[in-house]
Amino acid sequence: MNNDWMIYIFLVILCWGTWTFLPKVIIRTISAESALVLGIIGTAFCGMIVLFFISMEFHPLGSLCALSAGFCNYLGAYYYFRSVRANPVGLVSSISSLYPVVAVVLSVLLLGERASPRRVVGIALAIAAIYLMNLPRIEGEDCEARSRSGVDGSTGKKGG
C-alpha cells in the first residue's frame, strides 16, 4: 500500500498550521486587505512555478469549481485576518478549525456521500471540543488574552 498520502497530510498540517499562525504577525503591521492582496500574489507566484511542471486541464465544471474554491479560500482568508486582528490566534484558529463540518454537510447534501453515525458523533464532539477549549475559565481570562494581543477589551479594536 502506498503511504505517500501520509507524507502529504503531514505537509498539509505543517503548511496550514503555519498559515494559521502567520496572520497574527501580518495584521500587526499591515491591513487585512493588504494581506489578502499579497497572499494572492504569493499564490500566483506558486501557481506559475507549478504551471511549468504540468499540462493544464480544463473542464467546465471542474474549472468553475477550482475558481470558486480559490474565491472561497481568499474570502475566508480575509475574514480570518479580520478575526485575528481582534482576537487571540489560538481562539480564532480553533474555532475556524470547524470548517470540515461544512465540507461534510456539503458532501452529504450535494454529492450524496453518507454521514455514518460515527461521523455525526465525531462532528458533535469536535464542536463540543471547540466550545470547551474556548470557554473562559474565569471572567477576566478573555480580557487578559485580548490585552496580550493588543486589543482593547471594551471596544474590540487594536490599540494605538
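Residues numbered from 1 in each chain as written. Predicted model: local features only at pLDDT ≥ 70, side-chain atom pairs only at ≥ 80, totals over all residues. Heavy atoms only, no water.

## Examining the packing of helix 4 (residues 89-96) against helix 6 (residues 117-134)
1) Next: For the pair helix 4 and helix 6, interaxial distance at closest approach is 9 Å and the crossing angle is 170 degrees. Taken together, the axes of helix 4 and helix 6 lie roughly antiparallel to each other. In this structure, helix 4 contributes Gly90, Leu91, Ser94 and Ile95 to the contact, and helix 6 contributes Ile130, Met133 and Asn134.
2) Next: Of the residues belonging to the contact of helix 4 with helix 6, the class tally is four nonpolar, three polar and no charged. (Axes fitted to C-alpha atoms, helices over the stretch in contact; angles between N-to-C directions. Helix = DSSP H or I, 4+ residues; strand = E, 2+ residues; numbered from the N terminus. Parallel < 35°, antiparallel > 145°, perpendicular 65-115°, else oblique. Contact = heavy atoms within 4.5 Å. Nonpolar A, V, L, I, M, F, W, Y, C, P; charged D, E, K, R; others polar.)

## Quick word on the side chain of Ser107
1) Next: In this structure, Ser107 sits in helix 5 (residues 99-111).
2) Next: Relative accessible area serves as the criterion here: at 8%, Ser107 is assigned to the buried category.
3) Next: Residues in contact with Ser107, not counting those within four places in the same chain, are Gly112 and Glu113. (Buried < 20%, exposed > 50% of the residue type's maximum accessible area, 1.4 Å probe, protein only.)

## Some words on the nonpolar core
1) Next: In this structure, Ile27, Ala32, Ala35, Leu36, Tyr74, Ala77, Tyr78, Tyr80, Phe81, Val84 and Val92 together form the largest nonpolar core, which totals eleven residues.
2) Next: Looking at this core, the elements with two or more residues in it are helix 2 (32-51) and helix 3 (60-86).
3) Next: With six residues, helix 3 is the largest single contributor of residues to this core.
4) Next: Look past the residues within four positions of Ala32 in its chain and what remains in contact with it is Ile27, Tyr78, Phe81, Arg82 and Arg85. (Core = buried A, V, L, I, M, F, W, Y, C linked by side-chain atoms within 4.5 Å.)

## A short note on the pattern of salt bridges
1) Next: One pass over the full model with this rule turns up one salt bridge.
2) Next: A salt bridge links Glu33 to Arg82, with the nearest nitrogen and oxygen atoms 3.9 Å apart. With a gap of 49 residues between them, Glu33 in helix 2 and Arg82 in helix 3 connect regions that are remote in the sequence.
3) Next: The partly exposed category is assigned to Glu33, whose relative accessible area is 41%.
4) Next: For Arg82, a relative accessible area of 44% translates into the label partly exposed. (Salt bridge = Lys/Arg side-chain N within 4 Å of Asp/Glu carboxyl O.)

## Regarding the packing of helix 3 against helix 4
1) Next: Helix 4 packs onto helix 3 with a crossing angle of 145 degrees between their chain directions and a minimal axis gap of 8 Å. The two elements helix 3 and helix 4 meet at a crossing, and its hand is right-handed. For the pair helix 3 and helix 4, contact is made by Tyr80, Ser83 and Val84 and by Val89, Val92, Ser93 and Ser96, respectively.
2) Next: A class-by-class count of the residues in the contact of helix 3 with helix 4 yields four nonpolar, three polar and no charged. (Left-handed = near helix turned anticlockwise from the far one by under 90°.)

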